[in-house]
Amino acid sequence: MSTGAAATSRPGPDPLPDPLPGPGSRERILARIRAAVADAPDAPEAARDYLDTHTPDARVIDLLAENLTDYRALVHRTDSDGLPALIARLLAERGARTVLVPPLLPARWLSALASVGTDLIRVEDDPHATARELDVVDSVITGCALAIAETGTLVLDAAPDQGRRRITLVPDHHICVVRIADQVVGSVPQAMPRLDPTRPLTWISGPSATSDIELDRVEGVHGPRTLEVILLSE
């Protein structure tokens, strides 16, 4: 015999009502849209006669430099003869001890390292390298596919002189060489036909940066903290 209080049963929640018969709101709305446009003519082709850039050719290089600087990239200008010494100086000023080099980076670009007494360890672009291993690399040097003046953007496409995407996202210092003669365009519409959409494209506008709701800027979160761009003339 139970000595406890008699259990009382409580009614459970009311069962959910069965859904209304027939289509739901989404289906009814889409059906009305289809009915409304059933007899509409085909949409005309989009007009393509708009300007593909707002920058005169004579201003493209200066505008690129201005916008890169505005994004807090460090911009340098040199010619082919001065490039090796400039790269050596930038690495020495950085205090770099290791530098990652893509497989087909022109050897001449690094030919002045020994002459300035920079004792660097050259790190090859190893496809098996982990993010932790890349994180201890001091600097990386690459070329690029294109640079866009109006947006201050570098585009990399993982060509042999640029290496895999992650080598430019993990090390903290990136030196990117841009050939003025054939790699600078005025605008994004000018860039798109020259890029291969099947390649892994990386679009870089300044060093990595983000900010919180109070707009406190933090650099180096999603990529290199320092981006140096060399505009190379012939």
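Coordinates for the structure precede this section.
What you are looking at is a predicted structure, and each value in this text was computed from that prediction instead of being measured.

### As for empty space enclosed by the protein
- In total, this model carries one cavity of 30 Å³ or more according to the counting rule given.
- Roughly 30 Å³ of volume is contained in the largest cavity.
- In terms of residue class, the lining of the largest cavity is made up of three nonpolar, three polar and three charged.

### A few points about the sheet that holds strand 9 (residues 202–204)
- Here we have four strands laid out as an open sheet, ordered 8-5-6-9, and mixed in their pairing. Sheet topology places strand 8 (184–185) and strand 9 at the edges, where each strand pairs with a single neighbour.

### Observations regarding unusual backbone geometry
- A positive phi is found at Arg72, a non-glycine position, where the angle reads about 75°.
- Among the secondary structure elements, Arg72 is positioned in the loop between helix 2 (60–70) and strand 1 (74–79).
- For Ala158, which is not glycine, the phi dihedral falls at a positive 65°.
- Structurally, the position occupied by Ala158 is in the loop between strand 6 (153–156) and strand 7 (173–179).

### Description of helix 3 (residues 83–94)
- Across its twelve residues, helix 3 extends 17 Å between first and last C-alpha, which sits within 8% of the 16 Å expected from 1.5 Å per residue.
- Buried residues of helix 3: Leu83, Pro84, Leu86, Ile87, Ala88, Leu90 and Leu91, and no others.
- In this structure, the buried residues of helix 3 make contact with strand 1, strand 2 (98–101), strand 4 (139–142), strand 7 and strand 12 (226–233).
- Just downstream of helix 3, Gly95 is the residue with a positive phi angle, here 75°.

### Some details on the pattern of salt bridges
- Applying the stated criterion to the full structure yields eleven salt bridges.
- Residue Arg89 is joined to Glu93 by a salt bridge in which the shortest nitrogen-to-oxygen separation is 3.0 Å. Note that Arg89 and Glu93 are positioned in helix 3 at a spacing of four residues, about one turn of the helix.
- By relative accessible area, which is 56% here, Glu93 ends up exposed.
- Salt-bridge contacts for Arg225 lead to Asp172; the nearest nitrogen and oxygen are separated by 3.1 Å. Here Arg225, found in the loop between strand 11 (217–219) and strand 12, pairs with Asp172, found in the loop between strand 6 and strand 7; they are 53 residues apart in sequence, far enough to count as distant.
- The exposure class of Arg225 is partly exposed, given its relative accessible area of 43%.
- A relative accessible area of 23% places Asp172 in the partly exposed class.
- Several salt bridges share partner residues, and in doing so they unite Arg94, Asp172 and Arg225 into one network.

### Let's talk about the layout of surface pockets
- The computed volume of the largest pocket comes to approximately 240 Å³.
- Surrounding the largest pocket, 19 residues form its lining, Ile204, Ser205, Gly206, Pro207 and Ser208 being those nearest its centre.
- It is strand 9 that provides the largest number of residues to the lining of the largest pocket, a total of three residues.
- Residues of the lining of the largest pocket, tallied by class, amount to eight nonpolar, eight polar and three charged.

### Here's the deal with the nonpolar core
- In this structure, Ile87, Leu91, Ile141 and Ile230 are the most contacted members of the largest nonpolar core, which totals 20 residues.
- Looking at this core, the elements that each hand over two or more residues are helix 3, strand 2, strand 7 and strand 12.
- Broken down by element, the residue count for this core peaks at six residues, all from helix 3.
- When neighbours within four sequence positions are excluded, Ile141 is seen to be in contact with Ile87, Leu91, Val99, Leu100, Pro102, Leu105, Trp109, Leu110 and Ile175.
- Listed in part, the 19 residues of the second largest apolar core include Ile61, Leu63, Leu154 and Leu156.

### A few points about the pairing of strand 4
- Where burial is concerned, the two faces of strand 4 agree: the one with Ser139 and Ile141 and the one with Val140 and Thr142 are both buried.
- With two bridges joining them, strand 2 and strand 4 adopt parallel strand pairing. Among the inter-strand pairings, Val99 is bridged to a residue of strand 4, identified as Ser139.

Criteria and thresholds
- Residues numbered from 1 in each chain as written.
- Predicted model: local features only at pLDDT ≥ 70, side-chain atom pairs only at ≥ 80, totals over all residues.
- Heavy atoms only, no water.
- 1 Å grid on protein atoms, 1.4 Å probe; cavity = no way out; pocket = protein on both sides within 12 Å on 5 of 7 lines; lining within 4 Å.
- Points joined across faces, edges and corners; volume = space filled by probe spheres on them.
- Nonpolar A, V, L, I, M, F, W, Y, C, P; charged D, E, K, R; others polar.
- Pairing = 2+ DSSP bridges.
- Helix = DSSP H or I, 4+ residues; strand = E, 2+ residues; numbered from the N terminus.
- Expected span 1.5 Å × (residues − 1).
- Buried < 20%, exposed > 50% of the residue type's maximum accessible area, 1.4 Å probe, protein only.
- Contact = heavy atoms within 4.5 Å.
- Salt bridge = Lys/Arg side-chain N within 4 Å of Asp/Glu carboxyl O.
- Core = buried A, V, L, I, M, F, W, Y, C linked by side-chain atoms within 4.5 Å.

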